[in-house]
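Chain and residue survey
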Amino acid sequence: MSTLKAVRGTRDLLPPETALWNRIEAVARSVFERYNFGEIRTPVFEDTGLFARGVGEETDIVSKEMYTWEDRARAQSEKSQSLTLRPENTAGVVRAYIEHKLGETGQLQKLYYIGPQFRRERPQKGRYRQFSQIGAEVIGPVSAGSESPVRDAEVLEMLATLLDELGISGWTLKINSVGSASDRPAYIAKLKAALEPVVGQMCEDCQRRAVTNPLRVLDCKVPHDQPFIDALPKIADSLDEASRTHFAAVCAALDAAGVPYERDHRLVRGLDYYTRTTFEFTHGGLGAQNALLGGGRYDGLSEAIGGPKAPGIGFAMGEDRLVLTLQELDAAKAELADAYIAPLGEAQNPAALGLARELRRGGLRIELGDGSFRLKKSFEAADKVARTIVLFGENEAQSGILTVKNFSSGIQSKIARVELAAHLVAARTK
Ligand code: ATP
Ligand code: MG
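Residues numbered from 1 in each chain as written. Chains lettered and ligands numbered in written order. Predicted model: local features only at pLDDT ≥ 70, side-chain atom pairs only at ≥ 80, totals over all residues. Heavy atoms only, no water.

Here's the deal with the site of ligand 1
Of all residues adjacent to ligand 1, which total 15 residues, the nearest are Arg119, Glu121, Arg127, Tyr128 and Ala291. Within the contact set of ligand 1, an oxygen atom lies 2.8 Å away from a side-chain nitrogen or oxygen of Arg127. Separating a nitrogen atom of ligand 1 from a backbone N or O atom of Tyr128 is a distance of 2.9 Å. Its free accessible area being 590 Å², ligand 1 has 79% of it covered by the protein chains. With four residues, the top contributor of residues to the shell around ligand 1 is strand S10 (residues 291-297). Considered class by class, the residues forming the shell around ligand 1 number six nonpolar, four polar and five charged. (Near = heavy atom within 4 Å. Polar contact = N/O pair within 3.5 Å; in protein donor to acceptor, adjacent residues only side chain to side chain. Areas by Shrake-Rupley, 256 points an atom, 1.4 Å probe, with all protein chains shown as cover. Helix = DSSP H or I, 4+ residues; strand = E, 2+ residues; numbered from the N terminus. Nonpolar A, V, L, I, M, F, W, Y, C, P; charged D, E, K, R; others polar.)

Pasting the structure below:
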């Protein structure tokens, strides 16, 4: 019989890597809480129509990447229904906003989520069929200030803080404005006119996009097409007064907060309900899949899925790509245990468990050895999983003075049991 394996594009996450995932999530939660966001958890599958309307039939996601199935009726009274594993989470959050009438509170809703998403894409480094996103949305009635550029700037500043706290250095923030439902049609007309004489020389995808969704031509990555795209009119020159003022206010707030950014005229989203600010954070360490996160304003999304007017702004970060970046930056070292306690002889096992309990309750990360191991074996085991080894024999148990060796410095010292926890905490930064 052939052995069963995890499905293509899915992966098992094992320790020690899962510790990095947990740390990323803990840092994200702590940042979101400081910015006064609350967590939302929506179902992993939804009615297919939600994504068709909320993400858009024209997008790669909906046109070719979704896991969709017909859920059979189980009783005569039930109808069969087309269901889809969520490929992203914004549509689900906005559906929940509408379903629970959160707009009626009159308050801005600031919601974050962490969870798996599913897209049938070609698997490669940084691109999987089940992947995890960490995202947030700020959405609410206009009277609560949901259209204000200060919200855009605050979200971007929060993301800069989050990446910094995660230890991801070297990111780039790119921003643009795609205007609104009122000024974009003029730009699209200009774009179509500019594309007409040249699109025949561009890739097949661009030839199709020039007809179905010309904005998406700006997304094209084919090298041969780049000179044509660089020569196309810029959306910045077609923004109306209100969109220009909005964008200028976002930039001014970022300048004041000291968040560095670059303007990228080609950063667009193809759908009508995406408005004004769009952004992306990239990282050089990721290679071809260099986007850490993407986001923007979606002032028309709620109405597109049957809700009240509820402007919003949000983002989704690829957690898998955060992990890859941190691994590349070698931040995984932090996941070592603070100490490995090596009982010297089996008779010391019970007392060593007592010491481990004391330290663990004090918040330290402890690996407990086994007194049946020879000293050499204990040292080898400890060196793999911990920063220090604590020797615990009969003498140590009686005197309360422990022998501690730090692996990175090579220094061996005698430490009083009452001072051990503080010593181990201090050793974390050495
Ligand atoms: P890409 O251009 O890389 O396909 P996208 O435009 O499809 O990205 P979004 O839908 O904006 O991406 O999703 C936000 C983030 O989620 C991306 O910036 C990326 O970090 C992550 N992401 C998207 N698709 C995948 C995937 N298949 N595997 C892992 N991470 C992903
Ligand atoms: Mg994609």
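Considering unusual backbone geometry
For the peptide bond that leads from Pro15 to Pro16, omega is 5 degrees, which places it in the cis range. Although it is not a glycine, Asn36 sits at a positive phi angle of roughly 65 degrees. In this structure Asn36 comes out as exposed when scored by relative accessible area, which is 61%. At Lys101, a position not held by glycine, the phi torsion is positive, near 50 degrees. Inspection of the secondary structure assignment puts Lys101 in the loop between helix H4 (90-99) and strand S5 (109-118). (Buried < 20%, exposed > 50% of the residue type's maximum accessible area, 1.4 Å probe, protein only.)

Focus: the pattern of salt bridges
Going through the model one piece at a time under the given rule, you end up with 23 salt bridges. Residue Glu39 is joined to Arg41 by a salt bridge in which the shortest nitrogen-to-oxygen separation is 3.0 Å. Residue class for Glu39 comes out partly exposed when judged on its relative accessible area of 31%. Its salt-bridge partner being Arg266, residue Asp230 comes within 3.6 Å of it at the nearest N-O pair. Highlighted residues: Asp230 in helix H8 (residues 226-230) and Arg266 in the loop between strand S8 (262-263) and strand S9 (275-283), separated in sequence by 36 residues. A network of salt bridges, in which partner residues are shared, links Asp60, Lys64, Arg216 and Asp219. (Salt bridge = Lys/Arg side-chain N within 4 Å of Asp/Glu carboxyl O.)

Considering the domain arrangement of the chain
According to the domain assignment, the chain consists of domain 1 (17-183 + 239-329) and domain 2 (339-427). The distance between the C-alpha centroids of domain 1 and domain 2 comes to 46 Å. (Domains from an automatic or database assignment.)

As for helix H12 (residues 349-361)
Quick reminder: α-helices carry 3.6 residues per turn. Residues three or four places apart thus point the same way. Its 13 residues place the ends of H12 18 Å apart at the C-alpha level, agreeing with the 18 Å of an ideal helix rising 1.5 Å per residue. In the stretch just after H12, Gly363 is the one whose phi turns positive, near 95 degrees. (Expected span 1.5 Å × (residues − 1).)

Looking at the packing of aromatic side chains
Evaluated as defined, the whole model comprises six aromatic pairs. Geometrically, the ring pair formed by Phe32 and Phe315 is tilted, given 6.3 Å between the ring centres and 40 degrees between the ring planes. On the criterion of sequence distance, the pair formed by Phe32 in helix H1 (residues 17-34) and Phe315 in strand S11 (residues 312-318) is long-range, its members being 283 residues apart. Of the two residues, Phe32 and Phe315, neither departs from the other in class, the shared state being buried. Every member of this aromatic cluster is reached through a ring pair, and the members are Phe32, Phe37, Tyr112 and Phe315. Its end group placed over the ring of Tyr128, Arg11 keeps NZ or CZ at 3.8 Å from the ring centre. Between Lys377 and the ring centre of Phe373, over which it is positioned, the NZ or CZ distance is 4.2 Å. (Phe/Tyr/Trp six-rings, centres within 6.5 Å; stacked < 30°, edge-to-face > 60°. Lys NZ or Arg CZ within 6 Å of the ring centre and 35° of its normal.)

Overview of the sheet that holds strand S2 (residues 45-47)
An order of S2-S4-S3 is seen for the three strands of this open sheet, with the pairing classed as antiparallel. Two strands in the sheet have a free side with no partner beyond their single neighbour: S2 and strand S3 (68-71). Mean inter-strand twist for the sheet, computed between neighbouring axes without regard to direction, equals 35 degrees. Pairing of S3 with strand S4 (residues 81-85) involves four bridges; the strand directions are antiparallel. By the bridge assignment, Thr68 is partnered in S4 with Thr84. The strands touched by helix H2 (residues 48-56) are S2, S3 and S4; relative to S2, the strand with the most contacts, the crossing angle is about 80 degrees. (Pairing = 2+ DSSP bridges. Axes fitted to C-alpha atoms, helices over the stretch in contact; angles between N-to-C directions. Contact = heavy atoms within 4.5 Å.)

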